[in-house]
Protein chains: 2
Amino acid sequence: MAVTKVEIRSGAYYDSVVLMQLQRALADLPGVIDAGVVMGTDANKEVLQQSDLLTEEAKTAQPDDMLIVVKGEDETAADDALGKVDSLLSRKRGEGVEAAYLPKSIEAAVDMLPDAQWVLISVPGRYAAGVARQALEHNRHVFLYSDNVSLDDEISLKKDAAEKGLLVMGPDCGTAIVNGIGLGFANRVRRGNIGVVAASGTGLQQTTARIHQMGGGITHALGTGGRDLKEAVGAITARQGLQLLIDDPASEVIVLVSKPPAPSVAEKLLALARATEKPVVVDFIGYTPPARRMDNLYFVSTFDEAAELAVSLAENPPQPEPLPLEKFAAGQKYLRGLFSGGTLAFEAQLILKEYLPDVLSNAPLDPSLKMKDAVVSEGNCIVDLGEDEFTVGRLHPMMDNDLRIRRLLKEAEDPEVAVIFLDVVLGDGAHLDPASELAPAIADAKAIAADAGRYLEVVAVVVGTDEDPQDMDAQITMLKNAGARVETSNDVATRYVGKLIRALNPTPESTAEKLPPVDGAFLSQPVAAINAGLQSFTDSVAAQGAEVLQVDWRPPAGGNEMLMAILMKMKG
Amino acid sequence: MAVTKVEIRSGAYYDSVVLMQLQRALADLPGVIDAGVVMGTDANKEVLQQSDLLTEEAKTAQPDDMLIVVKGEDETAADDALGKVDSLLSRKRGEGVEAAYLPKSIEAAVDMLPDAQWVLISVPGRYAAGVARQALEHNRHVFLYSDNVSLDDEISLKKDAAEKGLLVMGPDCGTAIVNGIGLGFANRVRRGNIGVVAASGTGLQQTTARIHQMGGGITHALGTGGRDLKEAVGAITARQGLQLLIDDPASEVIVLVSKPPAPSVAEKLLALARATEKPVVVDFIGYTPPARRMDNLYFVSTFDEAAELAVSLAENPPQPEPLPLEKFAAGQKYLRGLFSGGTLAFEAQLILKEYLPDVLSNAPLDPSLKMKDAVVSEGNCIVDLGEDEFTVGRLHPMMDNDLRIRRLLKEAEDPEVAVIFLDVVLGDGAHLDPASELAPAIADAKAIAADAGRYLEVVAVVVGTDEDPQDMDAQITMLKNAGARVETSNDVATRYVGKLIRALNPTPESTAEKLPPVDGAFLSQPVAAINAGLQSFTDSVAAQGAEVLQVDWRPPAGGNEMLMAILMKMKG
């Protein structure tokens, strides 16, 4: 009959690899049915329970205790197995590299490998912040894999690091790729022109792996730890990382991945991302973006979409067209949209929201943006001349251009007006030759502005097809000859207008406090790292051809909590 | 010196083409500087003001009055022009087709053109509802271009129409394309396999024009009027239109365009759209969709995107893969996700939300979805085995498969479990050969289910690259040989799982009251229409080769409001 035996060891530190190996070794012994070797936390006890390994005695283990459970075919088998624990443990400890030659502290490791830019930390959570502090004291960036680190520790570590121009990736940072070398868990990916900042471990892995699978490549992929974008942390690491990639000429496209950030944090990060011309693909998974696209920001909702879009942008980077800003006179800044199509006017307002606050309209997105008087323009506004108010006993502006032409000439006289935005809807039912009336009016409007020493940009979106009765090509040519810029997509036309007006109405600089700069030179240096914790991380960094030094780290006072507290007091 | 003279004519009805033509004719007379001919509404008076045509006398005009203003070079010129108004008006009236032979009423028109499926109405708003009622009495679909029609009238017209299986497009419906014929304002577009329903006139035009420009084509494009998706109207026309396109075999892709609908209305429409296998591209401009994609629904945010996606779907329609539903035993219905990657688990939950309500997790999207106990599965759940609670003194599940394998075998014993969903993360740092442990466990789990007469679907998403140390292809092959379905995209894998579990957990039928069916036969008949109102709509329908009959419509009592009211009372 199966017998389950338990041993509890208090205050003894073993790293989790050792626990795992001990469990496997015990389970492999003859006569052993199953075994469990864990720290005595509630969650671990529950897991033992599921495997029918939680005896009454095992329930008494404390979180700091090592709990060893063996289920044997009989009492002898179970006892024999427990009797071998010490010899199995000492064998495990003795394996591997010559521990005697390894540095015992971060300080010693820094002396032995002065080129190391990084300290990788995967010691148990309760010791991790202390090790990270030592790394910062020695001016090393920190890759903090450990979880179960407090939020307070995270905040103080990141603030200290930021002051010194250093990064703390983590805690609970599973992955990063720096200059081609993966830290922690990382997939091997092609070098390329896409940089990634991710507050999400496997999100970063999925994104970079998919980029590789789709033929793209990575410059650097910087992890931040999952809590970095919380309000309390304020995305310190993500902002540092984003700025590094913005300043890195090799990173032509940037991907920003995170679980949904706090709104104020999202705002800070997006303001920073918006300040570069580089395309930034944003996957705040589960976050509702203000728009699908905001100028250089592209919002997606899965890692797969992020990868696909990043690869496509990396292959065909958008070429921002220079804006004719120098043509305008001082004081010219406003947009006046004179639309015949209600939904085109609505869509234009919607897209403009991504570029400008407070575009007014007689048919506004929001009541607060309603024009005081549809007949009198003010500020930036989009007027829908097909609204009911204008069409009582009057033909629709798609048939009768009179009202629009009168308004156009009026706007041209306004010294603050820079851009006029029109739609010209072709097709059955519409005016049979709108350009024959609108084109001369556009030329007149431009002449009015020119005579007053100003420049008037007129943008027209022509809605039509080559089969429409009006001859679309001829209509477009007439409008162009009159000096209008002509598009056939309201989306494209509006974005051009939005960029132009945004440039003419500069918004005040972001008031977010700037972080001290991080010197990006390390991004182009060969990676060298010190590793405290899981030996496998040293092995994998070494396997990638980078210099790495394992620290033979042991908890202070051998992991004995009471002794540690006394030591701390004596130090203090 | 310029002199402005005014004439006000009370209670006289002239349609807006006549007003426009009179204004132009007056303005073209010798000695006339400018002229305005409008109904005396406040908005129109403001427009006159802008053109410096609003005298004190003109201000006294009432909304039902025709207001004629002439600015002459001198008094004689202005007086001469006003003296010609009657002759100009009678000339305008007399032009065009032989009015004597036109029917004077809808009833007469229906007798003359019994094949007409449609009555197009563009008479002034205050008369439009009455004309529409006559059309419905004669069992004709209504295309109601007129605006300034009350919401109450719209609701009662649409309810009456729905009872009879008829459509009322509008009021304020600018456009539609039925069986190749544009009604109202419409662009001429290629025939094709894309059907459109739009509560937005120029939105429909922009979308169909862009589809044509991009090489796609249209079956039908059905307008609804801009208020159709308001709560009070309940999208009666949009729901009828959507159902017609769903039932129309030629419409392989559907596009649904509207300004943001009321939430309850959006829900009804989307539930209807979800009930077809056809891809439906949704542009509720300005609406924040629950996701970018929900199975067959694709959310976009501009007309341009809608057109582009529709054309691409029309060229490469998604081929829904048959689900292995018949393999499962009765009672099998639940999903159990056993993840090692936290953000993969998070993304999976996010995507699953589009398929299933209430997926639980130990790391849930929302606190209300938190599992009572991470160690014990319940319902549909996604467990993140890398959460802090599981990793105290224990290796991460990306390195150590023990916990996951135990859990997998446990889940396989649950008779309600249908699908197990795993991630397998490769790369540096991770287990060097995870499939060597997971594949046998998957095979065992499937065998446990099979022995109990059940079928267990195991879906694994492998995150990795061909350069990873594990040999990704070999890992995938091992997992496949064990019977797992393997994907390399979490997005793709999750959508497959979502579809499967959704099919195994059928949601109750939508409780939205169904509308009486509309017989779709008219969609494949040659269009024939009766037009009451703007002659130009008759002309353009005729120019497209469809049969159309203009009604010589006049307002009751010659437009005299008081007389009309008396007539109505006498009738009543």
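Residues numbered from 1 in each chain as written. Chains lettered and ligands numbered in written order. Predicted model: local features only at pLDDT ≥ 70, side-chain atom pairs only at ≥ 80, totals over all residues.

Moving on: the sheet that holds strand β2 (residues 32-39) of chain B. Residues and elements named next belong to chain B. The antiparallel open sheet is built from three strands, whose spatial order is β1-β3-β2. The sheet is open, and its two edges are formed by β1 (3-9) and β2, each paired on a single side. Averaged over neighbouring strand pairs, the angle between their axes works out to 10° when direction is ignored. Bridge count between β2 and strand β3 (residues 66-72): seven bridges; the pairing is antiparallel. Paired with Asp34 across the bridge in β3 is Lys71. On the sheet, helix α1 (residues 16-27) packs against β2 and β3 and is oriented at approximately 165° with respect to β2. (Pairing = 2+ DSSP bridges. Helix = DSSP H or I, 4+ residues; strand = E, 2+ residues; numbered from the N terminus. Axes fitted to C-alpha atoms, helices over the stretch in contact; angles between N-to-C directions. Contact = placed C-beta atoms within 7 Å.)

This part takes up the pairing of strand β19 (residues 457-463) of chain B. Residues and elements named next belong to chain B. Of all seven residues that make up β19, seven are buried, and the element is covered over most of its length. Side chains Glu457, Val459, Val461 and Val463 project from β19 onto one buried face, and the interleaved Val458, Ala460 and Val462 project onto a second face that is buried too. Inspection of the sheet shows strand β18 (residues 417-425) paired to β19 by seven bridges, in the parallel sense. Across the sheet, the residue bridging to Val419 is Glu457, located in β19. Viewed along the sheet, the connection from β18 through helix α15 (residues 434-451) into β19 turns out right-handed. Relative to strand β20 (residues 485-487), β19 is paired through three bridges, and the arrangement is parallel. The residue bridging Val461 from the neighbouring strand is Glu487, located in β20. Crossover connection from β19 via helix α16 (residues 472-481) to parallel β20: handedness right-handed. (Buried ≥ 20, exposed ≤ 12 C-beta atoms within 10 Å, placed from the backbone. Right-handed = clockwise from strand over helix to strand, strands pointing away.)

This brings us to the packing of helix α9 (residues 201-213) of chain A against helix α12 (residues 303-315) of chain A. Residues and elements named next belong to chain A. Contact pair α9 / α12: the axes reach a minimum separation of 8 Å and the direction vectors enclose 40°. Considering their axes alone, α9 and α12 lie oblique with respect to each other. For the element pair α9 and α12, the recorded crossing hand is right-handed. When α9 is examined against α12, the residues Gly203, Gln206, Thr207, Arg210 and Ile211 are found in contact with a partner set consisting of Phe303, Asp304, Ala306, Ala307, Ala310 and Val311. Its residues assigned to classes, the contact of α9 with α12 comprises six nonpolar, three polar and two charged. (Parallel < 35°, antiparallel > 145°, perpendicular 65-115°, else oblique. Left-handed = near helix turned anticlockwise from the far one by under 90°. Nonpolar A, V, L, I, M, F, W, Y, C, P; charged D, E, K, R; others polar.)

Below, the discussion takes up the interface of chain A and chain B. Size of an interface, as often reported, equals the accessible area lost when the parts are brought together. The partner chain B presents 88 residues to the 89 residues of chain A that form the contact. For the side of chain A that touches chain B, the leading source of residues is α9(A), giving nine residues. The residue inventory of the side of chain A that touches chain B, partitioned by class, reads 34 nonpolar, 37 polar and 18 charged.

Right, let's get into the domain arrangement of chain A. As assigned here, chain A comprises domain 1 (3-94), domain 2 (99-172 + 525-572), domain 3 (173-320) and domain 4 (325-504). Of note, the centres of domain 1 of chain A and domain 4 of chain A, computed from C-alpha atoms alone, are 77 Å apart. (Domains from an automatic or database assignment.)

As a further point, take the relation of the copies chain A and chain B. Expressed as a screw operation, the relation of chain A to chain B combines 0.0 Å of axial shift with a rotation of 180°, fitting to an RMSD of 0.1 Å. Such a turn and shift between the copies fits a two-fold axis. No C-alpha of chain A lies nearer the rotation axis than that of Thr288(A), which sits 3.8 Å from it. Mapped onto chain B, 99% of the interface residues of chain A again fall at the interface, so both copies present the same surface. (Least-squares fit on C-alpha atoms with pLDDT ≥ 70 in both.)

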